[in-house]
Amino acid sequence: MENEKGEDSSTFKMGNSAQERSLPYVPDCYIVPPCYEPSDALDSNFEILPTIDVSRLRAGDDERRVVLQDLTLACQHLGFFQIVNHGINQNILDDALAVANGFFELPAKEKKKFMSNDVYAPVRYSTSLKDGIDKIQFWRIFLKHYAHPLHRWIHLWPENPPGYREKMGKFCEEVRKLSIEIMGAITESLGLGRDYISSRMDENGMQVMAINCYPPCPDPETALGLPPHSDYSCITILLQNLAGLKIFDRTAHGGSGRWVVVPRVEGALKVHIGDHVEVLSNGLYKSVVHKVTLNEEKTRISLASLHSLGMDDKMSVPYQLVNDKNPVRYRESSFNDFLDFLVKNDISQGKRFIETLRIKD
Ligand code: OGA
Ligand code: NI
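Residues numbered from 1 in each chain as written. Chains lettered and ligands numbered in written order. Predicted model: local features only at pLDDT ≥ 70, side-chain atom pairs only at ≥ 80, totals over all residues. Heavy atoms only, no water.

**Overview of the pattern of salt bridges**
1) Next: Enumeration over the complete set of coordinates arrives at 14 salt bridges.
2) Next: Asp62 is the partner of Arg65 in a salt bridge, and the nearest nitrogen-oxygen pair spans 2.7 Å. Linking Arg65 with Asp62, this pair stays in helix 2 (residues 61-77), spanning three residues, or about one helical turn.
3) Next: The class of Asp62 is exposed, set by a relative accessible area of 56%.
4) Next: Of the charged contacts in the structure, one is a salt bridge between Asp313 and Arg200, with a shortest N-O distance of 3.1 Å. Here the residue Asp313 occupies a position in the loop between strand 12 (300-308) and helix 9 (335-344), and Arg200 occupies one in helix 7 (residues 198-204), the gap between them amounting to 113 residues. (Salt bridge = Lys/Arg side-chain N within 4 Å of Asp/Glu carboxyl O. Helix = DSSP H or I, 4+ residues; strand = E, 2+ residues; numbered from the N terminus. Buried < 20%, exposed > 50% of the residue type's maximum accessible area, 1.4 Å probe, protein only.)

Dropping the structure here:
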């Protein structure tokens, strides 16, 4: 299929995508259907998003109890909250964003060393959800790599830009410690105690880093950086250099929902509840549907750290949360099951992993 610019508009393969080549127009295959609301008639910049002060989780039992109540509300309502006073030094955050940006600025040849379409690969560079298969393409370039245990994976990471391994590695370690602490608070808020999952995560949990780059887009009203989706993880901790992430508040407008902008707040990190915490809570906490919108001038970088149980360790509904009124609502699954799902399904079309786990009443 040739368009008026003489380009094959049916597919743009990785290494040759429109966003990598900074094409001055948006090819047809990047134009998303109106139901994805690329330009967001409904959103609002004035939304106050729930914020959890992590220092108050560390301040003693009474203080912690109050914060856990806020956490419960945030997880039930949005499946999303921001965290502040988490103790990770601003330099570590800035350095990680800087080396990520440095990686994407490398010559194409250097980045293509990591190019892979294999979703099981521990390190891969790509530009599509499934190369040559996606019906719709997105204006994103990414590097994904495993990060825990660090010594097992770090030698596979890019050596360039200089300092990438050291600075990204430091960030990953700090974020991972925080993820264990947040998971402890989440399971405690569910009445399961602090160690219910965090001890399993600490032992053999997975940490997958998605290092995302969204170059300026010539027509940000028509394309997206990422389509609406939820993460498979227990939780995802995210750092962004610019606003662009939007989350879906499904309870707004009497249940029809609306998109909410997540502002950039200096030093704050964002936490997404993922599908595996929805399962862990037997549906009490909801994984947040989110998407990424684009801008015309600036390159946006985000670091998404996805935390889950081990590769084959199954997340299932705890018996403590099951009774006559609350039957088991989800089948058990692992990170590997998610990867198998990814191979078989076109998530560019909105198919969600969590829907394959839900047990119908
Ligand atoms: C993701 C994701 C959001 C962002 O990588 O799963 O949702 O802001 N990223 O890049
Ligand atoms: Ni996501």
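**Here's the deal with the confidence of the model for the chain**
Interpretation of this model should avoid reading the predicted coordinates in detail wherever pLDDT is low.
1) Next: Within the chain, residue pLDDT values average 91, and 93% of them lie at 70 or more.
2) Next: Ignoring residues within four places in sequence, the model shows residues 1-7, a span with pLDDT below 50, making 12 contacts including any to other chains. (pLDDT = per-residue confidence, 0-100. Contact = heavy atoms within 4.5 Å.)

**Quick notes on unusual backbone geometry**
1) Next: A cis amide bond links His148 with the next residue in sequence, Pro149, at an omega value of -10°.
2) Next: With respect to the helices, strands and loops of the structure, Pro149 is situated in the loop between strand 4 (141-146) and helix 5 (150-153).
3) Next: In this model, Asn160 is joined to Pro161 through a cis peptide bond whose omega is 0°.
4) Next: One non-glycine residue, Asn85, lies in positive phi territory at about 50°.
5) Next: Along the chain, Asn85 turns up in the loop between strand 2 (80-84) and helix 3 (90-104).
6) Next: Of note, Asn282 is a non-glycine position whose phi angle comes to about 55°, a positive value.
7) Next: Relative to the helices and strands, Asn282 resides in the loop between helix 8 (275-280) and strand 11 (290-292).

**Here we look at the sheet that holds strand 5 (residues 206-214)**
1) Next: Read across the open sheet, the eight strands follow the order 1-2-10-7-12-5-4-3; overall the sheet is mixed. With one partner strand each, in any of the chains shown, strand 1 (51-53) and strand 3 (123-126) form the two edges of the open sheet. Along the sheet, successive strands turn relative to each other by an average axial angle of 20°, direction set aside.
2) Next: Pairing of strand 5 with strand 12, which is carried by nine bridges, proceeds in the antiparallel orientation. Pairing of Asn212 across the sheet is with Ser302, part of strand 12. (Pairing = 2+ DSSP bridges. Axes fitted to C-alpha atoms, helices over the stretch in contact; angles between N-to-C directions.)

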